[in-house]
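Chain by chain, the residues:
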Amino acid sequence: MFERIYPSKIILPMKMHYGVPATPTVSVGDYVRIGQCVGVPEKGTFSVPVHSGISGRVSDISEIVLPNGIKTPAVTILNDMKRTRLESIKPRSGFKLSAREAMGIIRDAGICGMGGEGIPTAAKLRRAKNEAVQDFLVNCLQSEPYSTSDLVAITEYPDYVVLGSCACARAVGASKCVFLISENRKEQRQALANSIEKIKDDFKDLQFDIKLFRERFPQGYYRLVARALYGKNLVLGETLEKSCKAVLFNCSTMLACWEALSDNIPMMSRIVSVTGDASGGHNMLVPIGTPVSELLSNAQDIKNGSDRIVWGNCLTGIEVKDAENTPVVKTTSVISVVRRMDVPRTPCIHCGLCSECCPMNLSPNTIYEMLNQGLGQKAAEEGARDCIACGCCSYVCPSGIDLTTSIASFAGEGRIIEVNSLLDNSGAEIRTAEDVDMSYVGEASLLEDYADSDEDTGESSSDSLTLPFEKDKKV
Ligand code: SF4
Ligand code: SF4
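The rules behind these values
- Residues numbered from 1 in each chain as written.
- Chains lettered and ligands numbered in written order.
- Predicted model: local features only at pLDDT ≥ 70, side-chain atom pairs only at ≥ 80, totals over all residues.
- Helix = DSSP H or I, 4+ residues; strand = E, 2+ residues; numbered from the N terminus.
- Buried ≥ 20, exposed ≤ 12 C-beta atoms within 10 Å, placed from the backbone.
- Contact = placed C-beta atoms within 7 Å.
- Pairing = 2+ DSSP bridges.
- Axes fitted to C-alpha atoms, helices over the stretch in contact; angles between N-to-C directions.
- Near = placed C-beta within 6 Å.
- Nonpolar A, V, L, I, M, F, W, Y, C, P; charged D, E, K, R; others polar.
- Parallel < 35°, antiparallel > 145°, perpendicular 65-115°, else oblique.
- Expected span 1.5 Å × (residues − 1).
- Arc of directions from axis to C-beta.
- pLDDT = per-residue confidence, 0-100.
- Left-handed = near helix turned anticlockwise from the far one by under 90°.

A. A look at the overall build of the chain. Secondary structure summary: the chain contains 15 helices and 19 strands in total. A total of 475 residues make up the chain; the buried ones form 51% of that total. The contacts of the chain with a sequence gap of at least 6 include a subset with a gap of at least 24, amounting to 76%.

B. Examining the sheet that holds strand β16 (residues 308-311) more closely. Judged by pairing direction, the sheet is mixed, and its 6 strands sit side by side in the order β1-β15-β14-β18-β16-β17 without closing on themselves. Every interior strand has two partners, whereas the edge strands, β1 (3-4) and β17 (318-319), have only one. Sheet contacts for helix α3 (residues 149-156): β14 (269-276), β15 (281-287) and β18 (334-338); angle to β14, the most-contacted strand, approximately 130°.

C. Region of interest: the site of ligand 2. Around ligand 2, the surrounding shell holds 14 residues, and the nearest of these are Cys348, Cys351, Cys354, Asn365 and Cys397. Classifying every residue of the shell around ligand 2 by side-chain character gives 10 nonpolar, 4 polar and no charged.

D. Structural detail: the packing of helix α4 (residues 158-172) against helix α8 (residues 251-263). Across the interface, α4 lies against α8 with an axial gap of 7 Å and an inter-helix angle of 80°. Judged on the interaxial angle alone, α8 and α4 are roughly perpendicular. Of the residues in α8, those touching α4 at Tyr160, Val161, Leu163, Gly164, Ser165, Ala167 and Cys168 are Cys251, Met254, Leu255, Cys257, Trp258, Glu259 and Leu261.

E. Representation of the pairing of strand β7 (residues 56-65) within the structure. Pairing between strand β4 (residues 31-32) and β7: 2 bridges, direction antiparallel. When the sheet's bridge partners are listed, Val32 is paired in β7 with Gly56. Note that β7 and strand β8 (residues 71-79) share 9 bridges and pair antiparallel. Within β8, the position partnered with Arg57 by the bridge is Leu78. From the end of β7 to the start of β8, which pair antiparallel, there are 5 residues, and Gly69 there has a positive phi angle of about 90°.

F. Fine view of unusual backbone geometry. Put simply, Phe217 and Pro218 share a cis peptide bond, and its omega is -10°. Along the chain, the position of Pro218 falls in the loop between β12 (207-213) and α6 (222-230). One non-glycine residue, Ala132, adopts positive backbone phi at about 55°. Tracing the sequence through the fold places Ala132 in the loop between α2 (121-130) and β10 (135-139).

G. Spotlight on helix α5 (residues 186-199). With 14 residues, α5 ought to run about 20 Å at 1.5 Å a step, and its terminal C-alpha atoms sit 20 Å apart, in line with that. Taken as a whole, α5 has its buried residues at Gln188, Ala191, Leu192, Ser195 and Ile196. Taken end-on, α5 shows its buried residues confined to a sector of 135°, consistent with a single buried face. Facing away from the buried surface of α5 by more than 90 degrees, the exposed residues are Lys186, Glu187, Asn194 and Glu197. For α5, the secondary structure elements touched by its buried residues are α3, α4, β11 (176-182) and β12.

H. Layout of α8. Between the first and last C-alpha of α8 there are 18 Å, a value that for 13 residues agrees with the 18 Å anticipated at 1.5 Å per step. Among all positions in α8, only Cys251, Ser252, Thr253, Met254, Leu255, Ala256, Cys257, Trp258, Glu259, Ala260, Leu261 and Ser262 are buried. Looking at the residues trailing α8, positive phi occurs at Asn264, about 65°.

I. Molecular detail of the site of ligand 1. The environment of ligand 1 is formed by 17 residues, the closest being Cys358, Pro364, Cys387, Cys390 and Cys393. Mapped onto the shell around ligand 1, the elements with two or more residues apiece are α13 (392-396) and α14 (403-425). The dominant element in the shell around ligand 1, judged by the number of residues it contributes, is α14, at 4 residues. Class assignment of the residues belonging to the shell around ligand 1 gives a composition of 15 nonpolar, 2 polar and no charged.

J. Focus on the sheet that holds β12. Taken in spatial order, the 4 strands make up an open sheet running β12-β11-β10-β13, and their pairing is parallel. Both outer strands of the open sheet, β12 and β13 (246-250), are each paired with one neighbouring strand and no more. For this sheet, the mean angle separating the axes of adjacent strands, direction not counted, is 25°. In the sheet, β10 pairs with β11 via 5 bridges, with the strands oriented parallel. Across the sheet, the residue bridging to Phe136 is Cys177, located in β11.

K. Structural view of the confidence of the model for the chain. On average, residues of the chain carry a pLDDT of 85, and 85% of them reach 70 or more. Across residues 469-475, where pLDDT falls below 50, the model places 10 contacts with residues more than four positions away in sequence or in other chains.

L. Region of the structure containing the packing of α3 against α5. Packing of α3 against α5 brings their axes to within 8 Å, and their N-to-C directions diverge by 40°. On the basis of their axis angle, the class for α3 and α5 is oblique. Viewed along their axes, α3 and α5 form a crossing whose handedness is left-handed. Packed against α3, whose contacting residues are Leu151, Ile154 and Thr155, the element α5 presents Glu187, Gln188, Ala191 and Leu192 at the interface. Classifying every residue of the contact of α3 with α5 gives 4 nonpolar, 2 polar and 1 charged.

M. The arrangement of the environment of Gly56 in detail. Along the chain, Gly56 falls in strand β7. Judged by the 23 C-beta atoms lying within 10 Å of it, Gly56 falls in the buried class. When the C-alpha atoms of Gly56 and Asp30 are compared, they prove to be 8.3 Å apart, with 26 residues separating the residues in sequence. Leave out the neighbours within four places in its chain, and Gly56 touches Val32, Ile77, Leu78, Asn79 and Asp80.

N. Geometry of the pairing of β8. As paired strands, strand β2 (residues 9-13) and β8 are joined by 5 bridges and run antiparallel to one another. Bridge pairing links Ile10 to Ile77 in β8.

Written as structure tokens, this is what we have:
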């Protein structure tokens, strides 16, 4: 179950994804409707468009700084509470799409990964297709403490999660669709199994499987998945696509893909867990851009007086200093309110707990010392770049040493190289101004009806996806 929140305003950062910020297409005073595109990728950039999840007037366009330090232009829209939406948001009329058209819809819907670094989904799908992946993996693990937004998405919309996964699996040419879920999540497992049973006759070309994982944190990172499912230890720069012929997507991202493919809905809202370690727990369906303060004011049972508000999960998230002006972004799955604890900082006592808990089998205390002494090369040889920033080592350290910040920021540079390989391998297209600008001007929807328009795609009919849209379905 989730609560629906209609905020008084939204603050839409133009950069909520991996890549460069989009450019605002509206001006102060403009009226926007639900679903309207308010930011487009600039010519020649790796980016995704941004859409409004409310109707109202643009009150401000200025630069903001997100808690992770990213500076980005942001469009603020005051909610008129009329919920006026674009007429184009309705079930798609066609039943047949080419793979290219499906990826075009997903790109134009502004969809990026909702569980990690916000990699543009269309680019990732394109890379998977180019690498001829066979296994399409759907991450339903959500192992972060207190965070249950993905699990709620599965419970409430299992058919959308499964249909989105099937459509994307078919688009990349995979032969298997595999859902990864914790063995303890019986309700969600059952919901997925029921949905698979319902739709499997429409996707006879796909095999289905549900793989059970132990309940622990972290679980869903692609290198851990590669080790668990394929017995491979991927080194930096190796991809799941190339090394295991598999691709991994978050289940909420798959839900968003099906909303775009079947109902013309862009990425404009998401489910967010609002949770505290001392009290309360909520899941809220909110327009993207909702200020954190409005989430908290709707969660009265969560005490946030002297506690820390964390943008993200309590182990790896970042403290929010200004809840009024910090929005929920496309990748925000949880806002945590945790007790402020001042752990006394003492020298390392060599207890070994940090090494014991590290999912990447590193020695965080050794690496930390090397980095402190400026021995970056040695730290890299010790595996520092494999750090996935899970936060476990800092959490367990009895000496209160913040190992994660220094190791993860050293490793971060490597991760940028890793994600950048998308640009090399996605086969795409950095879009031109002619490609994007005109289709978004004014009140245009992002999504034209692509159905039955595959004559000029140059793709053979064997490349087409026949999707089981329900006729007369209400959005
Ligand atoms: S944050 Fe610490 S425990 Fe987690 S992967 Fe990095 S070094 Fe290992
Ligand atoms: S957990 Fe802390 S005290 Fe223990 S070995 Fe690691 S850094 Fe040292």
